[in-house]
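Here are the chains, one letter per residue:
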Amino acid sequence: MKRRDFIALLGGAAAWPLAARAQQPAVPVIGYFSARSPKTDVPMLSALRRGLSEEGYVEGSSVAIEFRWSGGQLDNLPQLAAELVRRS
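A brief structural summary. The shown structure was predicted, so the numbers you read here are calculated from the model rather than taken from an experiment.

### Quick look at the overall build of the protein
Helix and strand content of the protein: three helices and two strands. When the helices and strands of the protein are placed in sequence order, the string is α-β-α-β-α. In the protein, which comprises 88 residues, the proportion classed as buried is 12%. Counting contacts in the protein only where the partners sit at least 6 residues apart, residues at least 24 apart contribute 63% of the total.

Given below as structure tokens:
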């Protein structure tokens, strides 16, 4: 094997993990918005996380969750929903 061929082969092997990482699918994002507060939603969030875990999803690894709370102000819910939609 010529030196030039060997260097090209070695360079391609070194770049392969980078290319494989670039082709990984995007992590799905769940939008969670509530009229309540994070403190009052603890039971709901626990159930959500447990259900995701039972289906094989791990928050921060195989799924992301975007949280929005209106703190009892129902008029803010449409704005919170719009924020989550704009997030893409």
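From this point on, the discussion continues.
### Section: the environment of Leu-48
Relative to the assigned elements, Leu-48 resides in helix H2 (residues 42-54). Separated by 16 residues in the primary sequence, Leu-48 and Tyr-32 place their C-alpha atoms 9.9 Å from one another. Beyond its immediate sequence surroundings of up to four residues, Leu-48 is in contact with Tyr-32 and Ile-65.

### Here's the deal with the packing of aromatic side chains
What the rule picks out here adds up to three aromatic pairs. Among the aromatic side chains, those forming a connected cluster through ring pairs are Tyr-32, Phe-67 and Trp-69.

### Examining the side chain of Asp-41
The topology assignment puts Asp-41 in the loop between strand S1 (29-34) and H2. Taking relative accessible area as the criterion, Asp-41 reaches 0% and is therefore assigned buried. A distance of 2.8 Å separates polar atoms of two side chains, one belonging to Asp-41 and the other to Ser-34. One polar contact links Asp-41 to Trp-69, side chain to side chain, over a distance of 3.1 Å. Excluding its chain neighbours within four sequence positions, the residues that come into contact with Asp-41 are Tyr-32, Ser-34, Arg-36 and Trp-69.

### Comments concerning the nonpolar core
Tyr-32, Leu-45, Leu-52, Val-63 and Ile-65 form the largest nonpolar core, which has five residues in total. Excluding its chain neighbours within four sequence positions, the residues that come into contact with Leu-45 are Tyr-32, Phe-67 and Trp-69.

About the cut-offs
- Residues numbered from 1 in each chain as written.
- Predicted model: local features only at pLDDT ≥ 70, side-chain atom pairs only at ≥ 80, totals over all residues.
- Heavy atoms only, no water.
- Helix = DSSP H or I, 4+ residues; strand = E, 2+ residues; numbered from the N terminus.
- Buried < 20%, exposed > 50% of the residue type's maximum accessible area, 1.4 Å probe, protein only.
- Contact = heavy atoms within 4.5 Å.
- Phe/Tyr/Trp six-rings, centres within 6.5 Å; stacked < 30°, edge-to-face > 60°.
- Polar contact = N/O pair within 3.5 Å; in protein donor to acceptor, adjacent residues only side chain to side chain.
- Core = buried A, V, L, I, M, F, W, Y, C linked by side-chain atoms within 4.5 Å.

Remember that the coordinates give geometry; whether it matters functionally is a separate question.
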